[in-house]
Each structure stands twice: as structure tokens, then as C-alpha cells.
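Now for the letters of each chain:
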Amino acid sequence: MKVGYVYHPIYLKHDTGQHVENASRLEAVVSHLEQSGLKQQLELIKPRAASVEELALVHDRQHVTHVQDMAEKGGGWLDSDTVMSASSYEVATYAAGGVISATESVIDGEVGSAFALVRPPGHHATPQRAMGFCLFNNIAIAAKYVLAKYELERTLIIDFDVHHGNGTQDTFYDNPQVLYISSHQSPYYPGTGSVGEIGSGVAKGTTVNIPLPAGCGDAEYRAVFQQIIVPAARRFKPQLILVSAGYDAHWADGLAYMQVSVSGFSQMVKIIKGLADELCGGRLVFSLEGGYNLTTLAASIEATFKVLLDNTEVEDPLGQSPHSFEAPNIAPLIKAIKEIHSVN
Ligand SMILES: [Zn+2]
């Protein structure tokens, strides 16, 4: 099956100045895909702008209007670390629309799987507000959109960005149709995502948080995926898997303190692809979240595409972490999470 990618130069127009989340991230990814020859093996999916009604599937109208007004005024700061420019409202509608387009292409069978290379990222944006570099919650909007349009009953969102996707959790906290599983560094920004946050009401158990201590690397993530994420996904039986793909758990990424390598990311993607093949006819959509070291971001996305293309060779330009401190023992944490969620 063909592997699709969403990209459009409009994503470079969300001008954040000297901010760490800037256009050079996507420029690095796309030029790397061109140079490696991988781009020709992929199917370009054209993004469209999400409508206000589609943004409002997740967000309060006041939040949408606020971002719109801010753009009309030429941009500014939405919170202490989220900045936008005059073009950012339009770009953000294309980021949400891009994930919708990718998901539609997969469900309609035009491609087998897809990766939406979009910015601004989305998983911190809550129904009420922008935060953490995110304006609108792209993956949550796409999930809500396809649940309604295709009458799906169960969508799984796996979020391996190093930060907890608080906005996605908030959106689906009481919605049993979406299983949200997040692995993230803890304690860390944004402070949410504890083991005890498991969803509410009829959705109790459909939020699975895996807060990991700093210093976790490939082996710890593999254990988390194999022992928690795989059995939880099998029990839920999703009809579609969406992934909040942030690559800031890489050891060379400046925004967090994890020790994952490019090979480690490719292992995680392999497990996720295996789940999609086993549980939902391969229907799998990645959406870009974080990842701030340009070299490792580009290499990790290349590795992701290779796994989706069933190409097993991984190019890892930086290799394993050179830091020699001891990895934390997360066995008790895994055991506790398995107990809380009755996962075997
Ligand atoms: Zn992140």
C-alpha cells in the first residue's frame, strides 16, 4: 500500500521568529526527504483549511475568534511560550485540515498510511486555549471529524511526544470512543498526565498515562510499548490509529531529558504499525508534534517513513546516547499502570 504525506509551503508562514518551534524544522525534514530519495516513494496529500465548524468540534468559538483576532492585529503572544504571526491563524487551519486530509486519504483507501508534516503542532491546545506552541489541537480535531463523518466507534491516539498531550486528554477525557495513550517525561511540562488520570464517567479507563522519569531510553520505551500500549490497544480494538508523533524524546533534543535514539523511534513505529496491521487494516495516521534538534528530527521522520514503507534499514546519524548514566528502573511503574488499567 502507498504511504502518503501531507505537506504545503504554507506551513512555513507561521512565523515565530527566534522561537525553538520555527519553520526551519519542516524545512529540514522536507529537504532531508528530498535528498534521501524517499520523497519520490511517497504520495503527496494536499491539505485543505479546516473550517471554523471543524475547529469548533474541539474548541470553544471564543478561542477560535481570539486566534483570528490576534492574527488580524499582526500576531503576538498567546501564552508565555506560544507566539503567532499575522499568517498563523490561516496556517493553523491548514495544520488541522492537513491531519483531516491525511486521515480521510487513509480511510478512503487512497493510501495505506500517512504522515501529516504540519506546524504549528497541536497536542497542548485545549478546548479553551492555545498553549505550549500549539494553536489548535490538530489530532483531536481530526479524530472528532472522522468519528462523525465515518461513524467510527473507536479511535486510538498514541502520543509519544516527550510532553504530555494535555489538550488531547482534555478533549476526550469523558469520551469512550477515543483511547488516548501518552508516554511522557514526568515531572515536566505541562504538569499533567499522572497515572491516576484515567478518564471520567463512561470513559473511565480510556485515558492511559505513562509518566516516565528523565533518562529513559530505547529499552524503557520498548518495555512500555510492549507491556502497556500493545495489550491496551488490543483490548480496545480501534478502527483507526492516530499518532501524535513528537521526536523530542531523542537524547540530542534540547527540550527534554530522555535518551531515545533514531533506532528507538523506529522500533516504536514498528510496534505501532504492527498494531494497525493487526487491528484496523493498517489504517494509521501520524501527525507531527515536537522535535527540535533538526538533524535527529529529520532522521527520525525518515526512519518513520521507512517503517511505513516496510523498509527495515535505519539510518541513525548520531547513534545511541553517549551519556553513560544508569537508566531508571521503570518496572514498578509499568506494574502499577498495568494494575490500574487491568492490562495483561
Ligand atoms: Zn513535545
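Residues numbered from 1 in each chain as written. Predicted model: local features only at pLDDT ≥ 70, side-chain atom pairs only at ≥ 80, totals over all residues. Heavy atoms only, no water.

Novice: When you look at the coordination of the zinc ion in this model, what are you seeing that I'm missing?
Specialist: Donor atoms from the polypeptide that coordinate the zinc ion comprise Asp161 (OD), Asp161 (OD), His163 (ND1) and Asp248 (OD), at 2.0 to 2.7 Å from the metal. Taken together, the 4 donor atoms coordinating the zinc ion and their angles of 53 to 153 degrees define a geometry best described as irregular. Written as a sequence motif, the donor arrangement for the zinc ion is D-x1-H-x84-D. With His163 in the loop between strand E6 (155-159) and helix H6 (166-172) and Asp248 in the loop between strand E9 (240-245) and helix H8 (262-279), this residue pair connects regions lying 85 residues apart in the sequence. Overall, His163 belongs to the buried group, its relative accessible area being 7%. (Donors = N, O, S within 2.8 Å, 3.2 Å for Na, K, Ca; no water. Tetrahedral: all angles 85-135°; square planar, octahedral: opposite > 155°, others 65-115°. Helix = DSSP H or I, 4+ residues; strand = E, 2+ residues; numbered from the N terminus. Buried < 20%, exposed > 50% of the residue type's maximum accessible area, 1.4 Å probe, protein only.)

Novice: For this particular structure, what's the right way to read the sheet that holds strand E2 (residues 43-45)?
Specialist: Two orientations exist for strands paired in a sheet by backbone hydrogen bonds: parallel and antiparallel. With respect to topology, 8 strands assemble into an open sheet ordered E2-E1-E5-E10-E9-E6-E7-E8, the strand pairing being parallel. Taken across any chain shown, the strands that pair with only one partner, and hence form the sheet edges, are E2 and strand E8 (207-212). The average undirected angle you get between the axes of adjacent strands in this sheet is 15 degrees. Here strand E5 (residues 113-116) pairs with strand E10 (residues 284-288) via 4 bridges, running parallel. Paired with Ala114 across the two strands is Val285, which belongs to E10. Against the sheet, helix H5 (residues 138-149) touches E6, strand E7 (178-185), E9 and E10, its axis set at about 170 degrees to E9. (Pairing = 2+ DSSP bridges. Axes fitted to C-alpha atoms, helices over the stretch in contact; angles between N-to-C directions. Contact = heavy atoms within 4.5 Å.)

Novice: How should I be thinking about the layout of surface pockets in this particular structure?
Specialist: The gaps of empty space that remain are located by a probe, the size of a water molecule, rolled over the atoms. Taken as a whole, the largest pocket encloses approximately 240 Å³ of empty space. Along the wall of the largest pocket there are 19 residues; nearest its centre are Met1, Gly112, Ser113, Asp277 and Gly282. Of all the secondary-structure elements, those providing two or more residues to the lining of the largest pocket are helix H4 (88-107) and H8. Per-class residue counts for the lining of the largest pocket are 9 nonpolar, 5 polar and 5 charged. (1 Å grid on protein atoms, 1.4 Å probe; cavity = no way out; pocket = protein on both sides within 12 Å on 5 of 7 lines; lining within 4 Å. Points joined across faces, edges and corners; volume = space filled by probe spheres on them. Nonpolar A, V, L, I, M, F, W, Y, C, P; charged D, E, K, R; others polar.)

Novice: I would appreciate a short explanation of the environment of Leu117 in the present structure.
Specialist: If you trace the backbone, Leu117 turns up in the loop between E5 and H5. In this structure Leu117 comes out as buried when scored by relative accessible area, which is 0%. Separated by 31 residues in sequence, Leu117 and Ala148 place their C-alpha atoms 24 Å apart. Look past the residues within four positions of Leu117 in its chain and what remains in contact with it is Tyr5, Val6, Tyr7, Tyr11, Leu26, Val29, Leu33, Leu288, Ile301 and Phe305.

Novice: Which parts of the structure should I look at to understand the pattern of salt bridges?
Specialist: Opposite charge on two side chains lets them pair, provided their charged atoms get close. Counted by the stated rule, this structure contains 14 salt bridges. For Lys2, the salt bridge is made with Glu43, and the minimal N-O distance between the two is 3.7 Å. Within this pair, whereas Lys2 is found in the segment before strand E1 (3-6), its partner Glu43 is found in strand E2, the two being separated by 41 residues in sequence. Classification of Lys2 as partly exposed rests on a relative accessible area of 45%. Between Arg154 and Glu153 there is a salt bridge, with the nearest N and O atoms lying 3.6 Å from each other. Here Arg154 falls in the partly exposed class, since its relative accessible area comes to 26%. Judged by relative accessible area, Glu153 falls into the partly exposed class, the value being 47%. A network of salt bridges, in which partner residues are shared, links Glu21, Arg25 and Arg119. (Salt bridge = Lys/Arg side-chain N within 4 Å of Asp/Glu carboxyl O.)

Novice: Would you take a moment to explain empty space enclosed by the protein for this structure?
Specialist: In this structure the tally under the stated criterion is 1 cavity of 30 Å³ or more. Put simply, the largest cavity is a space of about 30 Å³. His14, Thr16, His19, Glu21, Asp81, Thr82, Val83 and Phe133 together form the lining of the largest cavity. Residue composition of the lining of the largest cavity, by class: 2 nonpolar, 4 polar and 2 charged.

It is worth stressing that arrangement in space is one thing and function is another; only the former is reported here.
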